[in-house]
Amino acid sequence: MIAEFDLGDVVLMKKPHACGENEWTIIRVGADVKIKCNHCGRIVMLDRADFVRMGKKILVKKEQPSEA
Ligand SMILES: [Zn+2]
């Protein structure tokens, strides 16, 4: 489960994509979460609750711009 996530994070899901890849980039965060397969580019939209449940872990945390 992935409780906290941000746009641009690379995540691992519990189930890999049909193409065999299991790295996804979060491209939209809202009531729904859109993730894009890092291998084939396919975009999947999930309810936020489904994403949290089906997410396994965050692989790469997008760097947040530092507040100067
Ligand atoms: Zn794919």
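My aim in this report is to walk through the structure given alongside it, one point at a time. (Residues numbered from 1 in each chain as written. Predicted model: local features only at pLDDT ≥ 70, side-chain atom pairs only at ≥ 80, totals over all residues.)

Counting its regular elements, the protein chain contains one helix and five strands. Each helix and strand of the protein chain, ordered N terminal to C terminal, gives the series β-β-β-β-α-β. On C-alpha atoms alone, the protein chain measures out to a radius of gyration of 12 Å, which is about the 11 Å that the 2.2 N^0.38 rule sets for 68 residues. By principal-axis analysis of the C-alpha atoms, the protein chain measures approximately 45 × 25 × 15 Å. (Helix = DSSP H or I, 4+ residues; strand = E, 2+ residues; numbered from the N terminus. Rg over C-alpha atoms; globule rule 2.2 N^0.38 Å.)

Our focus in this paragraph is the environment of Cys 37. Within the secondary structure layout, Cys 37 lies in strand 3 (residues 32–37). On the basis of neighbour counts, which here come to 20 C-beta atoms within 10 Å, the residue Cys 37 falls in the buried class. Each C-alpha atom of the pair Cys 37 and Trp 24 lies 4.6 Å from the other, and the pair is 13 residues apart in sequence. (Buried ≥ 20, exposed ≤ 12 C-beta atoms within 10 Å, placed from the backbone.)

With respect to topology, five strands assemble into an open sheet ordered 4-3-2-1-5, the strand pairing being antiparallel. This sheet does not close on itself; its edge strands, each paired only once, are strand 4 (43–47) and strand 5 (55–60). The sheet shows a mean angle of 40° between the axes of neighbouring strands, direction not considered. Two elements, strand 1 (residues 10–13) and strand 5, share four bridges in a ladder whose sense is antiparallel. By the bridge assignment, Val 11 is partnered in strand 5 with Ile 58. (Pairing = 2+ DSSP bridges. Axes fitted to C-alpha atoms, helices over the stretch in contact; angles between N-to-C directions.)

For strand 1 and strand 2 (residues 24–29), the ladder comprises two bridges, and the chain directions are antiparallel. Note on strand 2: the bridge partner recorded for Val 11 is Trp 24.

By themselves, these figures tell us nothing about what the structure is for.
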